[in-house]
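Chains, contacts and geometry: an overview
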Amino acid sequence: MARMHNPVHPGEVLREWIPEGMTVTQAAAALQINRVTLSSLLNGKSSVTANIALRLAAWLGTSADMWIGMQAQWDLWQAEQQPRPTITPLEGRVA
């Protein structure tokens, strides 16, 4: 299965959605989350949780699925960069 190459972290995308001139503190207040939590997300240090995705969807008029999907793509790409053991497929299963 082909995946995108090095997808952007959802926090990086979120930076583009925050209105110019709005501070992290103001955006965090609008989302009713801690400023440190939002800052961590914007800097790619934390993940979009289901709770945060729902808040972003309500605030920005997007879907929560969009944010969860971006996070999942980023997480999968990161995991694919790590060494993994060779897994033998389960026999007798139909895909």
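As a convention, each chain's residues are numbered from 1 in the sequence order in which they are written. Thresholds applied to this predicted model are a pLDDT of at least 70 for local features of residues and 80 or more for the giving and counting of side-chain atom pairs; totals over whole chains, interfaces and linings are not thresholded and use all residues. Calculation of side-chain values draws on the structure's entire complement of heavy atoms; hydrogens and water are dropped beforehand.

Comments concerning unusual backbone geometry
Note on backbone geometry: most residues besides glycine have negative phi, and most peptide bonds are trans. To be explicit about the condition: A run of H or I in DSSP counts as a helix once it spans at least four residues, and a run of E counts as a strand once it spans at least two, with each numbered from the N terminus.
At N6, a residue that is not glycine, the phi angle is positive and equals roughly 45 degrees. Structurally, the position occupied by N6 is in the segment before α1 (10-17). Although it is not a glycine, Q32 sits at a positive phi angle of roughly 55 degrees. Take Q32: it is sitting in the loop between α2 (24-31) and α3 (35-42).

Focus: helix α4 (residues 50-60)
Threshold: Burial here depends on accessible area, computed with a 1.4 Å probe over protein chains only, as a share of the maximum for the residue type. Under 20% is buried, over 50% is exposed, and the range in between is partly exposed. When we speak of the arc, we mean the arc of directions from the helix axis to the C-beta atoms. Any pair of residues with heavy atoms lying within 4.5 Å of one another is described as a contacting pair.
All of the buried residues in α4 are I52, A53, L56, A57 and L60. For α4, the arc enclosing every buried residue in end-on projection is 140 degrees, short of the 170-degree limit, so these residues lie on one face. When the buried face of α4 is taken as reference, the exposed residues oriented beyond 90 degrees from it are A50, L54 and A58. Residues of α4 that are buried make contact with α1, α2, α3 and α5 (64-80). With its phi angle positive at about 75 degrees, G61 sits one or two positions after the end of α4.

Focus: the packing of aromatic side chains
Rules: Stacked, edge-to-face and tilted labels apply to pairs of Phe, Tyr and Trp rings (six-membered ring for Trp) whose centres lie within 6.5 Å, assigned for plane angles under 30 degrees, over 60, and everything in between, in that order.
With the rule as written, the count across this model stands at one aromatic pair. A centroid spacing of 6.2 Å and a plane angle of 70 degrees characterise the contact between W17 and W67, whose relative ring orientation is edge-to-face. Note that W17 is positioned in helix α1 and W67 in helix α5, a separation of 50 residues in sequence. According to the relative accessible area criterion, W67 is buried, its value standing at 0%.

Comments concerning the side chain of Q71
With respect to the secondary-structure elements, Q71 resides in helix α5. With sequence-adjacent residues up to four places away left out, Q71 is seen in contact with H9, P10, S47 and V48.

By themselves, these figures tell us nothing about what the structure is for.
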